[in-house]
Amino acid sequence: LRQNNTNSMKGVFMQIRVLNETDIKKVMDMKAAIEATKDALKAYSSGGADIPLRANLDVAEHKGQSLYMYGYVPSQSALGVKIVSVYPDNIAKNLTSVPATMVTLDSETGQVNSLMDGTYLTRLRTGAISGAATDELSNPDSKIFALFGTGGQAETQLEAVLNVRDIKEVRVFDLSKDRAEDFAKRMKEKFEANFDFEIKAVDSADEAIDNADIITAVTTAKDPVFDGQKVKKGCHINGVGSYTPEMSEIPEYIISHADKIYVDTFDGAVSESGDFIKPIKKGIFNPNKDITGELGQKLLGEIAGRENPDEITFFETTGSAVLDLVVGQKILEAAKKQNIGQIIEM
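Residues numbered from 1 in each chain as written. Predicted model: local features only at pLDDT ≥ 70, side-chain atom pairs only at ≥ 80, totals over all residues. Heavy atoms only, no water.

### Comments concerning the packing of aromatic side chains
Two measures describe an aromatic ring pair: the distance that separates the ring centres and the angle between the ring planes. As enumerated under the stated definition, the model contains five aromatic pairs in all. Ring geometry for F148 and F173: centres 5.9 Å apart, planes at 65 degrees, overall edge-to-face. Placement of F148 in strand β7 (residues 144-148) and of F173 in strand β8 (residues 169-173) is noted, with a sequence separation of 25 residues between them. Taken individually, F148 and F173 each receive the classification buried, so the pair is uniform in this respect. Each ring, one from F191 and one from F195, has its centre 6.3 Å from the other, and the planes form 70 degrees; the classification is edge-to-face. Using a relative accessible area of 4% as the deciding quantity, one classes F191 as buried. (Phe/Tyr/Trp six-rings, centres within 6.5 Å; stacked < 30°, edge-to-face > 60°. Helix = DSSP H or I, 4+ residues; strand = E, 2+ residues; numbered from the N terminus. Buried < 20%, exposed > 50% of the residue type's maximum accessible area, 1.4 Å probe, protein only.)

Structure representation (C-alpha cells):
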C-alpha cells in the first residue's frame, strides 16, 4: 500500500523488515543475547526505561486473551510492542496456543520498521536473562547443571548456561521420563559440537539436584519441583516458570533461606510470581527486606553479588517488555547490517 504523508509527498513508502526465527538466529547468538539482556536490565534499574504495565484484553467468545507489552528505552533507541495471545483452543486447529509478534518502531519517526517472530524472541531473551544471572551470580567453577522442565523455553535455558559456565554434566527432570530422555538426546545432538558436556534424564528431583552447582526451573508447576533443604551450599538457582500468582516451582525453604535473592524487575516479580506471593501471604517472606535487589542494580555496581563460594543465590524472572525491546532492537540493527529478512513497503 502506498502511504502519502501530511505534506502529500507521493511515492514515499514505509519499509518494514520482517524477521522469522531463522533470520533471528542468523544475526544474534546466545552470547550476544545475554549481553543485550544485561544492557536492558541496566537501563531499567537506572530509571532509563519507560515500561508501562502490560495491557490485557479478554476475547471471551474465542476463549482467548490478547496481551500488549510495550515501552521505550531511549539509551537503546528501542521503541515497540510485543503482542502475545493466549488461545488454548488453538491446539485443536494445529496452531500454537501462545502466538507472539514483536513490532519495533523507529524512535525518531514513530514509523514501524520491523515485525519479528515474538515466540522465538521470547525464548531467546528468557534464556539469555537466566544466562546473565548465572554469569553474574553462580560460582565460576560450576560444573553440574540441573534443569527442571523440557517445554518450549527449556532449550534456550540450557544453551544460555552452557555459554557462561564450563558445564560437564546436565541432569534433566520432567514429569514424563520419556519426554526428558527425548529432550536430552536432541540437546546433545544440537550442542555437542560446541560444548563438551554429558546430558541425561534422571528419575527424580533429588537425583537432579544432588551436588548441583546450578539449578534452573522452567515449568508450569503450582507446587515446588525440588526439595530446597537438599540444595548444596554455593548453588545458584534460576526461577523462570512462575509468572502468575498460582504458579510456584521454587521451594519456600529457598525463598526464606537463600543468602541473596535477585529479580529482573522488583514490581513484576513481587506482583506476578507465586514463588514470592505465596510465602508473602504466609508471612514468611518480606520482599522489601529479603530481596537483595534487581540484577540490573548488581550490574550497575549498586549492590553486591555473590560474596563467598558457599552462598546460595536465587534469581527470579517474570519477564519484562524492556527485554523484548532492547533485544529486539539489537536484532533489527544486526539484520540491517547483514541485509537479513524480507522487506515490505506500505
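### Details of the packing of helix α2 (residues 30-45) against helix α3 (residues 118-137)
Put simply, α2 and α3 touch, their axes get as near as 8 Å, and they point 80 degrees apart. Here α3 runs roughly perpendicular to α2, going by the angle between their axes. Across the interface between the two elements, M30, A33, I34, T37, K38 and L41 from α2 touch L124, R125, G127, A128, I129, G131, A132, D135 and E136 from α3. Its residues assigned to classes, the contact of α2 with α3 shows eight nonpolar, three polar and four charged. (Axes fitted to C-alpha atoms, helices over the stretch in contact; angles between N-to-C directions. Parallel < 35°, antiparallel > 145°, perpendicular 65-115°, else oblique. Contact = heavy atoms within 4.5 Å. Nonpolar A, V, L, I, M, F, W, Y, C, P; charged D, E, K, R; others polar.)

### Describing the pairing of strand β1 (residues 15-19)
Relative to strand β15 (residues 342-345), β1 is paired through four bridges, and the arrangement is antiparallel. When the bridges of β15 are listed, Q15 appears paired with E345. The sheet contact formed by β1 and strand β6 (residues 112-117) spans three bridges and is parallel. Counted as the bridge partner of R17 is S114 from β6. (Pairing = 2+ DSSP bridges.)

### So, the sheet that holds strand β10 (residues 214-217)
By way of backbone hydrogen bonds, the strands of a sheet pair with one another, either parallel or antiparallel. Read across the sheet, eight strands follow the order β9-β8-β7-β10-β11-β14-β12-β13 without closing on themselves; strand pairing throughout is parallel. In the strand order of this sheet, the two ends are held by β9 (198-201) and β13 (293-294), each with one partner. As paired elements, β7 and β10 share four bridges and run parallel to each other. Bridge pairing in β10 links F145 to I214.

### A word on the pairing of β7
Consecutive side chains of a regular strand alternate in pointing toward one face of the sheet and then the other. β7 sits mainly inside the fold: five of its five residues count as buried. Residues I144, A146 and F148 line one face of β7 and the alternating positions F145 and L147 line the opposite face, and both faces are buried. Bridging between β7 and β8 involves five bridges; their strand directions are parallel. Looking at the pairing, A146 lines up with R171 of β8. Taken together, β7, helix α4 (residues 154-164) and β8 form a β-α-β motif whose crossover is right-handed. (Right-handed = clockwise from strand over helix to strand, strands pointing away.)

### A look at the pattern of salt bridges
This model, assessed by the stated rule, comprises 25 salt bridges. The salt bridge partner of D135 is K38, with a shortest N-O separation of 2.8 Å. Of this pair, D135 sits in helix α3 while K38 sits in helix α2, and the two are 97 residues apart along the sequence. Under the relative-accessibility criterion, D135 is labelled partly exposed at 27%. (Salt bridge = Lys/Arg side-chain N within 4 Å of Asp/Glu carboxyl O.)

### Section: the nonpolar core
With 38 residues, the main nonpolar core has M116, L124 and I331 as its most contacted residues. Looking at this core, the elements with two or more residues in it are α1 (21-27), α2, α3, α4 and α12 (321-338). It is α12 that provides the largest number of residues to this core, a total of nine residues. The contacts of I331, once residues within four sequence positions are left out, are L19, I24, V27, M28, M116, L121 and L124. Among the nonpolar cores identified, the runner-up in size contains 30 residues, and A146, I254, I291 and F314 belong to it. (Core = buried A, V, L, I, M, F, W, Y, C linked by side-chain atoms within 4.5 Å.)

### Thoughts on the environment of I209
Topologically, I209 is positioned in helix α6 (residues 205-209). For I209, a relative accessible area of 2% corresponds to the buried category. The spatial distance from the C-alpha of I209 to the C-alpha of K230 is 7.5 Å, given a sequence separation of 21 residues. Not counting the four nearest positions on each side in its chain, I209 is found in contact with A146, F148, R171, I215, F226, D227, K230 and V231.

### Looking at the side chain of N238
Here N238 lies in strand β11 (residues 236-239). Within the structure, the side chain of N238 is placed 3.1 Å from the side chain of T216, a separation counted as a polar contact. A polar contact of 2.8 Å, which involves the side chain of N238, links it to the side chain of H236. If near-sequence neighbours (up to four positions away) are discounted, N238 is found in contact with S130, A133, T134, I214, I215, T216, A217, I250, F314 and F315. (Polar contact = N/O pair within 3.5 Å; in protein donor to acceptor, adjacent residues only side chain to side chain.)

### A few points about the confidence of the model for the protein chain
Residues of the protein chain with pLDDT of at least 70 account for 97%, and the chain-wide mean is 94. Across residues 1-8 the pLDDT falls below 50, and counting only partners more than four positions away or on other chains, this stretch makes 12 contacts in the model. (pLDDT = per-residue confidence, 0-100.)

### Some remarks on the sheet that holds β15
Taken together, seven strands build an open sheet; the order of strands is β2-β3-β4-β5-β6-β1-β15 and the sheet is mixed. At either end of the open sheet lies a strand with only one pairing partner, and these are β2 (55-59) and β15. On average, each strand axis in the sheet is inclined to that of its neighbour by 20 degrees, with strand direction left out of account. Strands in contact with α3 are β3 (64-73), β4 (78-86), β5 (100-105) and β6; relative to β6, the strand with the most contacts, it is inclined by about 75 degrees.

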